[in-house]
Amino acid sequence: HSGYRRLRPHAKDGMGQVSIARDESLQRDVALKELLDSAAENHQARQRFVSEAEITGQLQHPGVVPVYALGPILAAGVRGSTAAPKKSQKLPRPA
């Protein structure tokens, strides 16, 4: 994924996976959320992924991870330059 260097896996669920990565252009750590191949083949799952990113990208709150980019992957902020988010932190899902 251009511009991002994957550092380590972070979490995985039935629809996607999150990795901690380095945004090479801005020199900061981010969380990359990607759809699993099985979910990427499902139109509804892809739409949910995009909707989640669009909704989350509009929110500004200390308890919500900011969205930096949307594409084949979703790049979201990680607090601190080298620390991974806590296991309990998850990207919010739309209602």
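For clarity, every value in this text was computed on a predicted model and none was experimentally measured.

Peer 1: Outline the packing of aromatic side chains, supporting the account with residue identities and numerical values.
Peer 2: Under the defined criterion, the tally for this structure stands at zero aromatic pairs. The aromatic ring of Tyr68 is capped on one face by Arg28, whose charged end is 3.6 Å from the ring centroid.

Peer 1: Mind laying out the pairing of strand 2 (residues 16-23), listing which residues take part and the relevant values?
Peer 2: Regular strands place side chains that alternate from one sheet face to the opposite one. Strand 2 sits mainly inside the fold: seven of its eight residues count as buried. For strand 1 (residues 4-12) and strand 2, the ladder comprises seven bridges, and the chain directions are antiparallel. Bridge pairing in strand 2 links Arg6 to Ala21. Connecting strand 1 to the next strand, strand 2, in antiparallel fashion are three residues. Here eight bridges tie strand 2 to strand 3 (residues 28-35), and the two strands are oriented antiparallel to one another. Bridge pairing in strand 3 links Arg22 to Asp29. Between strand 2 and the antiparallel strand that follows it, strand 3, lie four residues; Gln27 among them carries a positive phi value of about 50 degrees.

Peer 1: Break down the environment of Ser38 for me, with residues and values.
Peer 2: Note that Ser38 resides in helix 1 (residues 37-40). Looking at Ser38, the relative accessible area reads 52%, which means it is exposed. When the C-alpha positions of Ser38 and Gly16 are compared, they lie 9.2 Å apart, and in sequence the two are 22 residues distant.

Peer 1: Go over the nonpolar core with me, naming the residues and quoting the values.
Peer 2: With five residues, the main nonpolar core is built from Met15, Leu35, Ala39, Ala45 and Phe49. The contacts of Met15, once residues within four sequence positions are left out, are Glu34, Leu35, Leu36, Ala39, Ala45, Arg48 and Phe49.

Peer 1: Provide a residue-level description of the side chain of Asp23, including the pertinent values.
Peer 2: Structurally, Asp23 is set in strand 2. Asp23 sits in the buried class, given a relative accessible area of 5%. Side chain to side chain, Asp23 and Ser25 meet in a polar contact 2.9 Å long. Reaching out from Asp23, the side chain makes a polar contact with the backbone nitrogen of Leu26 at a distance of 3.2 Å. The residues touching Asp23, leaving out its near neighbours within four places in the chain, are Gly3, Tyr4, Arg28 and Val30.

The rules behind these values
- Residues numbered from 1 in each chain as written.
- Predicted model: local features only at pLDDT ≥ 70, side-chain atom pairs only at ≥ 80, totals over all residues.
- Heavy atoms only, no water.
- Phe/Tyr/Trp six-rings, centres within 6.5 Å; stacked < 30°, edge-to-face > 60°.
- Lys NZ or Arg CZ within 6 Å of the ring centre and 35° of its normal.
- Buried < 20%, exposed > 50% of the residue type's maximum accessible area, 1.4 Å probe, protein only.
- Helix = DSSP H or I, 4+ residues; strand = E, 2+ residues; numbered from the N terminus.
- Pairing = 2+ DSSP bridges.
- Core = buried A, V, L, I, M, F, W, Y, C linked by side-chain atoms within 4.5 Å.
- Contact = heavy atoms within 4.5 Å.
- Polar contact = N/O pair within 3.5 Å; in protein donor to acceptor, adjacent residues only side chain to side chain.

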